[in-house]
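This is what each chain is made of:
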Amino acid sequence: MKKALFFLLLLTTLGFDTQSEATFDVGEWFKFRIHYGFVNAGYATLEVKEASVNNEKVFHLVGKGYTTGFSRFFFKVDDLYESYINKETFVPYQFVRKIDEGGYTKNQEGFFNTNLNKVVVKDYKHRTEKVFVIPKNTQDILSAFYYLRNSPNINKIKPGESVAIDMFFDDETTKFKLKFIGRDDIKTKFGTIATMIFRPLVQSGRVFKEQESVTVWISDDDNKIPLRIQASLAVGSIKADLDAFKGLKNPFKVKQ
């Protein structure tokens with residue numbers, strides 16, 4: 001469960017240029033049901049709000065993940081991720097990460113300086129402040145998802161092609177890579193949906209069985225919303241399905 005929200009936020013972080021008008025807007029909200037094997041382990045949500053940073057109106061992105069029922073009794077998870085991004089360029093100004101995963105906690109806040117290509121990370125748990133040099137256009141873990149959804153080139157990608165984006169996470173910048181598998185229709189609680197399928201390239205070993213253990217389905221429409229994630233772990237498997245949504249800017253296309 002503690003990896004589930006991480007999957008939801010990374011699932012579509014492809015490195016493309018973005019268009020000027022957002023494909024989402026304030027009020028958009030998703031809820032995902034997460035299963036570990038046959039167990040309903042918990043939920044994750046993604047929401048778009050509005051806020052002000054230095055007197056500028058920005059998108060305030062909020063991601064939450066939490067366990068429920070017996071899963072919460074055995075392994076409590078309460079994760080909060082936030083990102084504040086420019087409404088036109090979608091570059092991040094600030095991120096927040098507050099997590100509690102079975103007693104493992106973090107409480108961090110990061111501030112991006114896009115002119116100097118640096119990020120200042122304040123760790124409130126350890127009372128430290130560090131400065132990191134980052135590549136231009138680096139995204140945080142949450143802003144990356146919304147950055148991709150505004151790409152005018154995503155529909156041009158061909159099966160077998162891999163793309164990447166610079167992402168800052170856990171005090172370091174990594175080149176997160178994804179491979180496009182193809183298109184397919186999948187059955188959901190909302191009906192049959194046309195999807196694009198991606199596989200993030202992950203590190204095999206302690207957590208994942210293989211480098212391509214994670215598969216992601218996103219809607220093949222103007223919304224590009226996550227519909228399903230499946231991952232084969234070193235022990236067991238995890239699955240997340242879109243359970244509810246509201247506030248979409250574009251029509252949600254259902255085949256039947």
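Up top you'll find the structure we're talking about.
In short, a report on the structure. (Residues numbered from 1 in each chain as written. Predicted model: local features only at pLDDT ≥ 70, side-chain atom pairs only at ≥ 80, totals over all residues. Heavy atoms only, no water.)

Turning our attention to the pairing of strand β3 (residues 56-67). Consecutive side chains of a regular strand alternate in pointing toward one face of the sheet and then the other. Sheet topology note: the strand β2 (residues 39-53)/β3 ladder contains 12 bridges and is antiparallel. What sits directly across from A44, in β3, is G65. The antiparallel hairpin formed by β2 and β3 contains two residues in its connecting segment, where N54 sits at a positive phi of about 55 degrees. In terms of strand pairing, β3 meets strand β4 (residues 77-85) through eight bridges, oriented antiparallel. Paired with G63 across the bridge in β4 is Y81. (Pairing = 2+ DSSP bridges. Helix = DSSP H or I, 4+ residues; strand = E, 2+ residues; numbered from the N terminus.)

Per the counting criterion, the structure on display carries 13 aromatic pairs. For the pair F30 and F32, a centre-to-centre distance of 6.2 Å together with 70 degrees between the ring planes defines the contact as edge-to-face. Assigned by exposure class, F30 and F32 land together as buried. Aromatic pair F132 and F168: ring centres 5.4 Å apart, planes at 55 degrees, arrangement tilted. Of the two residues, F132 is situated in strand β8 (residues 128-133) and F168 in strand β10 (residues 162-169); the sequence distance between them amounts to 36 residues. These aromatic residues form a ring-pair network of at least three members: F24, F59, F90, F145 and Y146. In this arrangement the basic side chain of K87 is found over the ring face of F59, its NZ or CZ atom lying 5.1 Å from the centre. Sitting over the ring of W29, K246 keeps its end group 5.5 Å from the ring centre. (Phe/Tyr/Trp six-rings, centres within 6.5 Å; stacked < 30°, edge-to-face > 60°. Buried < 20%, exposed > 50% of the residue type's maximum accessible area, 1.4 Å probe, protein only. Lys NZ or Arg CZ within 6 Å of the ring centre and 35° of its normal.)

On to the pattern of salt bridges, then. Where charged atoms from two side chains of opposite charge come close, those side chains can pair. Overall, the coordinates contain 11 salt bridges when judged by the stated rule. Between K239 and D241 there is a salt bridge, with its nearest N and O atoms 3.6 Å apart. Taking the relative accessible area as the measure of exposure, D241 reaches 17% and is therefore buried. Put simply, R33, K189 and D243 are held in one network by salt bridges that share partners. (Salt bridge = Lys/Arg side-chain N within 4 Å of Asp/Glu carboxyl O.)

Let's shift gears to the nonpolar core. Membership of the largest hydrophobic core comes to 32 residues, with the highest contact counts inside it found for F24, F30, F59 and Y146. Contributions of two or more residues to this core are made by β1 (29-36), β2, β3, β4, α3 (143-149), β10, β11 (172-188) and β12 (191-200). Per-element accounting of this core gives the leading share, four residues, to α3. Leaving out residues up to four positions away in the same chain, F59 has contacts with A22, F24, D25, V26, V48, K49, S83, Y84, I85, K87 and F90. (Core = buried A, V, L, I, M, F, W, Y, C linked by side-chain atoms within 4.5 Å. Contact = heavy atoms within 4.5 Å.)

With that settled, consider the side chain of N250. One can find N250 in the segment after β15 (237-246). A polar contact of 3.5 Å, which involves the side chain of N250, links it to the backbone oxygen of D222. (Polar contact = N/O pair within 3.5 Å; in protein donor to acceptor, adjacent residues only side chain to side chain.)

With a phi angle near 55 degrees, N54 is a residue other than glycine that sits in the positive phi range. We classify N54 as exposed; its relative accessible area is 76%. A positive phi angle is found at N55, which is not glycine, with a value near 65 degrees. Positionally, N55 belongs in the loop between β2 and β3.

As a further point, take the environment of K187. Position of K187 relative to the elements: it lies in strand β11. For K187, a relative accessible area of 66% puts it in the exposed group. A sequence separation of 68 residues divides K187 from K255, and the C-alpha atoms of the two residues are 9.7 Å apart. The residues touching K187, leaving out its near neighbours within four places in the chain, are T192 and R228.

Everything listed is a geometric property; what it means functionally is a separate question.
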